[in-house]
Amino acid sequence: VLCRQTGLSFIYLLLLLLLPMVRIPTTKTMAGATGQYLRAVMVLSFLTSIAQLSFQIVLLSMPPYGNFLKENNTTETILRHVGLIRLNGIRIEDGFRYLAPEILMLITSIAVYVGCTKLSAETTRSRTSSASAPSTAAILPPVSSTIAYRNRRKAFFITVGKCLALASLCLVGILRPSALNGIYFLAFLGGMTWWACYKELSRPFGVVLHCVQAVAALHIMALFIVQMQFVQDFLANNTNICRYLGLTFLMKTLDSDPRMQEFSNAEWASFLNPVALLWLYYILGIESYFLLRPRLIRNMSPTKYDGTGRRRSTVRQDAHGSVILSDGYEDVIQLDSLGVPPLLLPFLHFS
């Protein structure tokens, strides 16, 4: 995506934007959506590599090399924007920029898929081999302590994620002042104002982050598209639109040969803006995913039984989103994990 801005690289950009929605590779997810995503990356990388190789073979099979592709010809222009060019007469770095992405993507996608498949299978085998059937008294304390630790760890990471999301919104909002970046800054001000009023940043905040994430995805795609030559030629006479929206031309096509590009004279913040947007997109995607899972905070919260056998919540949240566990947490999980009827729990606690 960073090497070149063509139609083939746009496919990789879409795959990159889908990555935060992919679950962690496990035996179950590798048989489902995660495995399908990794296989799709492999297939698309293979097809783009075959397209590049076939195109170069066609050019070599019709000597002299690339004789039917004249400069600024309609066919040559379309193929160049797709990502298929003739390599004669260009600099080495430009040839590397056009051909390297397919090679890197194909090798990396195969390595990642094979590695995830083997690791998930080994993890499953190790868990199966270590499984045993100890007595109930021996297994209860580890189970309860593990659940307590996991809930505390999740609550900690959710709180850190909120702070990180707000900081990222602020950074991107002030990095390149424009109409689009102003959306991120307004989201930052709204979140901080709500938090400063001692309100909880919970599920509604997750919805806001999810909406801002969609805006960031469109922003990233727009920055990618404006680096293409035909878009720059179209917007050359109306640069105010790009200036208001913060869509800076980072790459400039050479007039001597449109196959070659060089960096523009834009300020450093314009070059850092796409990287910061991609970082923001991933942070918002991860944090909104956890905030929009109510069972992570509420439905999975442990409970305690009072003297009448009714369930009384033992989990509270402060304004920072941290989970506060009251006493008796481990004991309740131990009894609850045995499937003991609620009406018997008060007597077991006092016994």
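The structure presented is a predicted model; accordingly, all values stated were derived computationally and were not measured.

Asks: So what exactly am I meant to see when it comes to unusual backbone geometry here?
Replies: Leaving glycine aside, a negative phi is the common case for residues, and trans is the common case for peptide bonds. Cis geometry is adopted by the peptide bond preceding Pro 64, which originates at Pro 63 and carries an omega value of -5°. The backbone phi angle of Tyr 198 is positive, close to 60°, even though this residue is not glycine. Mapping Tyr 198 onto the fold places it in the loop between helix 7 (179–196) and helix 8 (203–225).

Asks: Looking at this structure, I do not really get helix 8. What am I missing?
Replies: Every α-helix carries 3.6 residues per turn, so stepping three or four residues along brings you back to the same face. Taking 1.5 Å as the rise per residue, helix 8 with 23 residues should run 33 Å; its terminal C-alpha atoms sit 33 Å apart, in good agreement. What helix 8 keeps buried is the set Phe 205, Gly 206, Leu 209, Val 212, Gln 213, Ala 216, Ala 217, His 219, Ile 220, Met 221, Leu 223 and Phe 224.

Asks: What is the right way to read the packing of helix 7 against helix 8 from this model?
Replies: For any two helices packed against each other, the geometry comes down to the angle between their axes and how far apart the axes lie. Relative to each other, helix 7 and helix 8 sit at 165°, their axes nearing to 10 Å. Here helix 7 lies roughly antiparallel to helix 8, going by the angle between them. Judged by the sense of rotation from one axis to the other, the crossing of helix 7 with helix 8 is left-handed. Of the residues in helix 8, those in contact with Leu 180, Asn 181, Ile 183, Tyr 184, Ala 187 and Gly 191 of helix 7 are Phe 205, Val 212, Val 215, Ala 216 and His 219. Its residues assigned to classes, the contact of helix 7 with helix 8 comprises eight nonpolar, three polar and no charged.

Asks: In this structure, what is going on with the side chain of Thr 34? I would like to understand it.
Replies: With respect to the element layout, Thr 34 can be found in helix 3 (residues 33–61). Of the polar contacts made by the side chain of Thr 34, one reaches the backbone oxygen of Arg 23; its length is 3.0 Å. Setting aside residues up to four positions removed in sequence, Thr 34 forms contacts with Val 22, Arg 23, Ile 24, Pro 25 and Thr 29.

Asks: Where do I start with the UniProt feature "transmembrane region" (unreviewed entry) in the protein chain in this structure?
Replies: Mapped onto the present numbering, the UniProt feature "transmembrane region" (unreviewed entry) falls at residues 6–25, 37–59, 103–121, 155–175, 181–198, 205–226 and 268–292. What you have in residues 6–25 is 60% helix and 0% strand, and the ends, taken at the C-alpha atoms, are 30 Å apart. With 100% helix and 0% strand, residues 37–59 has its two end C-alpha atoms placed 33 Å apart.

Asks: Hey, could you run me through the environment of Thr 29 in this one?
Replies: Note on placement: Thr 29 falls in helix 2 (residues 27–30). The residues touching Thr 29, leaving out its near neighbours within four places in the chain, are Arg 23, Ile 24, Thr 34 and Gly 35.

Asks: Can you help me understand the nonpolar core in this one?
Replies: Inside soluble globular proteins, nonpolar side chains tend to come together where they are buried. If you look at the biggest cluster of nonpolar residues, it comprises 39 residues, and the most contacted ones within it are Leu 17, Leu 169, Tyr 184, Leu 209, Tyr 281 and Leu 284. Of all the secondary-structure elements, those providing two or more residues to this core are helix 1 (7–18), helix 6 (136–175), helix 7, helix 8 and helix 11 (268–291). With sequence-adjacent residues up to four places away left out, Tyr 281 is seen in contact with Leu 17, Pro 20, Met 21, Gln 213, Ala 216, Ala 217 and Ile 220.

Asks: I'm lost on the packing of helix 1 against helix 3 in this one. Help?
Replies: Two elements in contact, helix 1 and helix 3, have axes whose closest approach is 11 Å; the angle formed by their N-to-C orientations is 170°. The orientation of helix 1 relative to helix 3 falls into the category roughly antiparallel. Residues Leu 8, Ile 11, Tyr 12, Leu 15, Leu 16 and Leu 18 of helix 1 touch helix 3, and the partners they reach there are Tyr 37, Val 41, Leu 44, Ser 45, Thr 48 and Gln 52. Class assignment of the residues belonging to the contact of helix 1 with helix 3 gives a composition of nine nonpolar, three polar and no charged.

Asks: Please explain a nonpolar patch on the surface as it appears in this structure.
Replies: On the surface, a nonpolar cluster with roughly 550 Å² of combined accessible area is contributed by Val 43, Phe 46, Leu 47, Ile 50, Leu 53 and Ile 57. For Val 43, the location among the structural elements is in helix 3. In this structure Val 43 comes out as partly exposed when scored by relative accessible area, which is 46%.

Asks: Sorry, what's going on with the confidence of the model for the protein chain here?
Replies: Close inspection of predicted coordinates is inappropriate for parts of the model with low pLDDT. Of all residues in the protein chain, 77% have pLDDT values of 70 or greater, and the mean over the chain is 79. A low-confidence stretch, residues 296–315 stays under pLDDT 50, and its non-local contacts, those more than four residues away or across chains, total 46 contacts. This model gives residues 322–351 a pLDDT under 50, and the stretch forms 53 contacts once residues within four places in sequence are excluded.

Asks: Would you take a moment to explain the pattern of salt bridges for this structure?
Replies: Pairs can form between side chains of opposite charge once their charged atoms are near each other. Within this structure, the stated rule accounts for seven salt bridges. Residue Asp 94 is joined to Arg 97 by a salt bridge in which the shortest nitrogen-to-oxygen separation is 3.0 Å. On the criterion of helical spacing, the pair formed by Asp 94 and Arg 97 is a turn pair, its members being three residues apart in helix 5 (residues 92–129). Residue Asp 94 shares its accessibility class with Arg 97, and that shared class is buried.

Calculation rules
Residues numbered from 1 in each chain as written. Predicted model: local features only at pLDDT ≥ 70, side-chain atom pairs only at ≥ 80, totals over all residues. Heavy atoms only, no water. Helix = DSSP H or I, 4+ residues; strand = E, 2+ residues; numbered from the N terminus. Expected span 1.5 Å × (residues − 1). Buried < 20%, exposed > 50% of the residue type's maximum accessible area, 1.4 Å probe, protein only. Axes fitted to C-alpha atoms, helices over the stretch in contact; angles between N-to-C directions. Parallel < 35°, antiparallel > 145°, perpendicular 65-115°, else oblique. Left-handed = near helix turned anticlockwise from the far one by under 90°. Contact = heavy atoms within 4.5 Å. Nonpolar A, V, L, I, M, F, W, Y, C, P; charged D, E, K, R; others polar. Polar contact = N/O pair within 3.5 Å; in protein donor to acceptor, adjacent residues only side chain to side chain. UniProt positions renumbered as here; feature names shortened; annotations may be inferred. Core = buried A, V, L, I, M, F, W, Y, C linked by side-chain atoms within 4.5 Å. Patch = residues over 30% accessible without salt bridge, like charges linked within 9 Å, V, L, I, M, F, W, Y side chains within 5 Å. Areas by Shrake-Rupley, 256 points an atom, 1.4 Å probe, with all protein chains shown as cover. Salt bridge = Lys/Arg side-chain N within 4 Å of Asp/Glu carboxyl O. pLDDT = per-residue confidence, 0-100.

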